[in-house]
Amino acid sequence: MNKTKYWIGRGIKNIILIICSLFCVFPLVWVLIASTNASVDIVRGVLVPGKHLLENLKSIVEHYDLLGASWNTIKYSAVTTIASIIVCSVAGYGFEVYHDKWKDRLFGALMITMMIPFVSTMLPIYQTYAKLGLLNTTLGFILPSVSTVFTIMLFRQNSRSFPKDIIEAARIDGETELGIFFKMYVPTMKATYAAAATITFMNAWNNYMWARLIMSDNRAQTLPMLISNMTTGHYIDYGMLMLAVLISTLPTLIVFFALQRSFVEGMTGAVKG
Amino acid sequence: MRKRLMALCLAVVMVMGILAGCGSDKDNGKTNDGKDKNAETVNKLTVWCWDPAFNINAMNVAADIYKKDHPDFEMEVVEISSADIIQKLSTSTSAGNTADVLPDIILFDDGLIAQEVLSYPDVFMDLTDSGIDFSEFSEGKVAASVVDGKNYGVPFDSGAAIAAYRVDILKEAGYTIEDLTDITWSEFIKIGKDVKQKTGKALLNGQSGYNQITVMLTSCGGSYFDEDGKLNMSDNKKVKRVSELYLEMLEAGVFQEETGWDTYIGNLNNGNVAGAMNGCWIMSSIQAAADQSGLWAITNVPKVDGVDGATNYSSQGGSTWTITTECDNPELAIDFFKSTFAGSKEFYDKILETSAISTWIPAGESETYQQESEFFGGQKVYATIVDFTAKIPSCVMGAYMGTARTAHMTAVTNVAYSGADLDEELAAAEETVAFEMGQ
C-alpha cells in the first residue's frame, strides 16, 4: 500500500517537473525552429522546422558583420572574465585571510553598493570615462565589470572553508604570501573559479547597455548590439533575428555545460581538501 | 606547480597586451567616432542611422552618387538604433562631450525630431538659409522638422499613409477598392460592419491604436497643440471626433487590436484581416506574403467627417536627416544633401527598390516611379504614394507630441475597456501631459 502511494507521489512530482521543464525549454526550442523558417512563416505561427536556415544565414552575412561582432564579443568576454576572476579572487582572499574590523566594515559598505542599480551609476561613470578619454576603447568597455561585489563576495564566502592552519604552516615553512595564494589557494579553489568565470562570462557576453553607451563605432559592435539593430527596421526579418539569437546563445550554453559541475560546487562553497 | 604559475603569468601578460593594444585605438590621430580632426579640410562625413536594408542602404547609395563628382569624399555610416541615438544624445550632452561623440549627420523619426531639437537646441544646425530648397519637399513632411519657424532637417522617406485592402475579401462581401476610395470614416465603418458580418474578418488591425489614431488625426491636420505650442486635448474637436470614431470601430469589431507587432503582421500575412492602414512602409511587410500577390490594392485613407480641414491623406512614420553643430565641414554636409536627397532623381530611382519613397516631389516625375506593381494588381503604387505625399496636410508638431499621443491612447483604452467617460479621460490625459511639460 505504502509502495503504491510512494510511486503515485513520485509520478505526480515527475509530471509537474516535466511540465515545468517543458515551459523552460520551449522558448529555446522555438528559437531553434524559428531560425530554420522564413520570417513570414514565423509570424504565421508555424511550429515545424523549415528549410530557410541557409537563407537566414545568408541575410545575416549580407547585412551584418557577424564574424566581426562574434570576435568582438569573444574578445571582450574573455578579457573581462580573466581580469575579473584575478582581481576578485585576490580581493576575496584578502578580505577573508587578512581580515580585521575595518576591512569587515569596508566589505559591508561594498555589499550596500550591490543594491544600487547600474542604470543609476551609469551616467557618472560615463562622464568620468569621457573625461579620461576611455570612450570607444576596450579598457573603457571592460573596466566597470572587472571588479564586481558579487564575485568578491563569492570568493570571500568560499575562502571561509579554506583551512587557515595550512596558511600558518606554510608561513612557518618560509613560503611568501604570494606563494601561498598562487600555490595553495588557487588550486584548491578551482570550483569557485569555475563558478565565478561562468557568471562573469555570461554577464560580459550579454552586456548591452554599457556597450551601447560607450562604443560608437561599427567595428566595435558586439552580438547583443547586432541583435538589437535587427529589430529597428520598417520590416523585421524574424528568421534572421532568431538565427542570430541562436548563434549568440550557443557560446554561453557551451561555457555553462562545460563548467556545470564545478559551477554547482563553486556556488555551494565546497573546498576539495 | 611551476607550470601553473607560468600559465597564470602568461594569462596576465595576455590581458595586459590586449588592453594595451586596444588602449592605443585613440592615439592614431582619430577621435572617438573615427573623425579625423587633424586634417585641414575634412572630406569625410560620419552618419548615425539604423536599418541596413533601408536607411543605411540609402545613405550608401547617396555616398556613391556624390563620390562620382567628389572622388575624395568618404562616408562612414554607424549602425545605431533610434532609441540608442536618443540615449547617446542625452548622455553626451549631459557629460558635455558632444564634440567627441556626436557624428556629422543623425537620422531621426519624424515624430521625435521636434522634441530633440527643443531639448538640445545647440546640437542641431539651422538649415533655413543653407540653400536647400525646402519648397521642393512635401509640405506636411517639412513641417515635422520645423521648430520656431526654422528648418532643422532634410526630409527623407515618405510616411504617407496608405489604405491597403485584400480585394478578394472585399469581393466576397460585395465591395471593390473604388467603394473604399475617397470615403469618410462613417462610410468606412458601415462597410466594415458589413464585411465583418459577411466574412467574419475585421477590416483593419494594429498593435494598439497608436498608429491608427495618428493617421486619423494627421489626416485632418489635427494636433494636441495649437499654433503657439499650447496644449489642448480636452477642448479639441478633432481629438474628440477621432477618439469617437476609433472607439466605434473597436466596438463594432471593424478594428482588431493586437498584443504585439508580430501578431499584427502575422494576422495580415495570414489573411485574418481584410486590410492594413499605416505609413506606406507597411508595404514591405504586406509583400512578405508572396502567395498573396495580386490580391492587394492600395487607396487613400478615409477622411474624418464632421471637422474642418479633413482630407483623405495622412502620414505615419518616415524620418528626417539632421546635421549636428559638431560637423567639421558643414559646407560639405549641405552640398552632399543638395546633390543627393534634395536634388537627385537618379538617387531616388536607385533606392526605390527598397520601397524608400521620396518626399522630394520632383523624384515622382521619373519613369521608375511609373512602374506597375504585380503584387498590387498592376497598380502604379509608387506614383500613387508620391501623389498622396504631396497632399498630406501639415500639422503642428510639439516637443511633447509623443507624450501626448501616449496619453491620448491611454485615455481611449480606458474608455474602451473600463467603460470610462471620454471627456473625463481626455481631461485627465491633458493633465498628465501638462504635468510632464512642467506647466
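Engineer: Help me out: how do you make sense of helix 9 (residues 210–219) of chain B in this one?
Structural biologist: Since the α-helix packs 3.6 residues into each turn, any two residues three or four apart lie on the same face. All names here are of chain B. Judged by how many residues are buried, helix 9 sits mostly within the fold: eight of 10 residues are covered. Residues Gln 212, Ile 213, Thr 214, Val 215, Met 216, Leu 217, Thr 218 and Ser 219 constitute the buried set of helix 9. Buried positions along helix 9 lie against strand 7 (161–166), strand 8 (204–207), helix 10 (237–252), strand 9 (255–258), strand 10 (275–279) and helix 16 (401–418).

Engineer: Looking at this model, I keep getting lost on the sheet that holds strand 6 (residues 154–155) of chain B. Mind explaining?
Structural biologist: Hydrogen bonds between backbone groups are what pair the strands of a sheet, and the pairing can be parallel or antiparallel. Residues and elements named next belong to chain B. Across the sheet, which stays open at both edges, the five strands sit in the order 2-1-3-12-6 with mixed pairing between neighbours. Two strands close off the open sheet at either side, each with one partner strand: strand 2 (74–79) and strand 6. Examined bridge by bridge, strand 1 (residues 44–49) and strand 3 (residues 105–109) share two bridges and lie parallel to one another. Among the inter-strand pairings, Trp 48 is bridged to a residue of strand 3, identified as Ile 106. Helix 2 (residues 52–69) rests against strand 1, strand 2, strand 3 and strand 12 (319–323) of the sheet, and its axis sits at about 170° to strand 2.

Engineer: I'm lost on the sheet that holds strand 7 of chain B in this one. Help?
Structural biologist: Residues and elements named next belong to chain B. The strand order 10-7-11 describes an open sheet built from three strands, whose pairing is antiparallel. Looking along the sheet, the strands with just one partner apiece sit at the ends: strand 10 and strand 11 (296–299). Here the average twist between neighbouring strands, direction ignored, is 25°.

Engineer: Even after reading the chapter, I still don't get the domain arrangement of chain B, so can you show me in this structure?
Structural biologist: For an interface, size is often stated in terms of accessible area lost upon the parts coming together. Residue and element names in this part refer to chain B. Here chain B is partitioned into domain 1 (44–158 + 317–387) and domain 2 (161–314 + 400–437). Measuring from the centre of the C-alpha atoms in domain 1 to the corresponding centre in domain 2 gives 27 Å. With 17 residues of domain 1 at the contact, the number on the domain 2 side is 16 residues. Listing elements by their share of the side of domain 1 that touches domain 2, those giving two or more residues are helix 5 (110–119) and helix 15 (381–390). Ranked by residues supplied to the side of domain 1 that touches domain 2, first place goes to helix 5 with four residues. Class assignment of the residues belonging to the side of domain 1 that touches domain 2 gives a composition of seven nonpolar, nine polar and one charged.

Engineer: Please clarify how unusual backbone geometry should be interpreted in this entry.
Structural biologist: Negative phi values dominate among residues other than glycine, just as trans dominates among peptide bonds. All names here are of chain B. Even without being glycine, Asp 148 reaches a positive phi, approximately 50°. Relative to the helices and strands, Asp 148 is located in the loop between strand 4 (146–147) and strand 5 (150–151). Positive phi outside glycine occurs at Ser 355, with the angle close to 65°. For Ser 355, the location among the structural elements is in the loop between helix 14 (345–351) and helix 15. For Ser 355, a count of 21 C-beta atoms within 10 Å gives the class buried.

Engineer: Help me understand the interface of chain B and chain A, please; the structure alone is not making it clear to me.
Structural biologist: Every contact between the two is made by 44 residues of chain B and, on the other side, 36 residues of chain A. Mapped onto the side of chain B that touches chain A, the elements with two or more residues apiece are helix 1 (2–23), helix 2, strand 2, helix 3 (82–95), helix 4 (98–101), helix 11 (261–270) and helix 12 (283–286) of chain B. For the side of chain B that touches chain A, the element with the most residues is helix 1 of chain B, which contributes 10 residues. Among the residues making up the side of chain B that touches chain A, the classes are represented as 20 nonpolar, 14 polar and 10 charged.

Calculation notes
- Residues numbered from 1 in each chain as written.
- Chains lettered and ligands numbered in written order.
- Predicted model: local features only at pLDDT ≥ 70, side-chain atom pairs only at ≥ 80, totals over all residues.
- Buried ≥ 20, exposed ≤ 12 C-beta atoms within 10 Å, placed from the backbone.
- Helix = DSSP H or I, 4+ residues; strand = E, 2+ residues; numbered from the N terminus.
- Contact = placed C-beta atoms within 7 Å.
- Pairing = 2+ DSSP bridges.
- Axes fitted to C-alpha atoms, helices over the stretch in contact; angles between N-to-C directions.
- Domains from an automatic or database assignment.
- Nonpolar A, V, L, I, M, F, W, Y, C, P; charged D, E, K, R; others polar.

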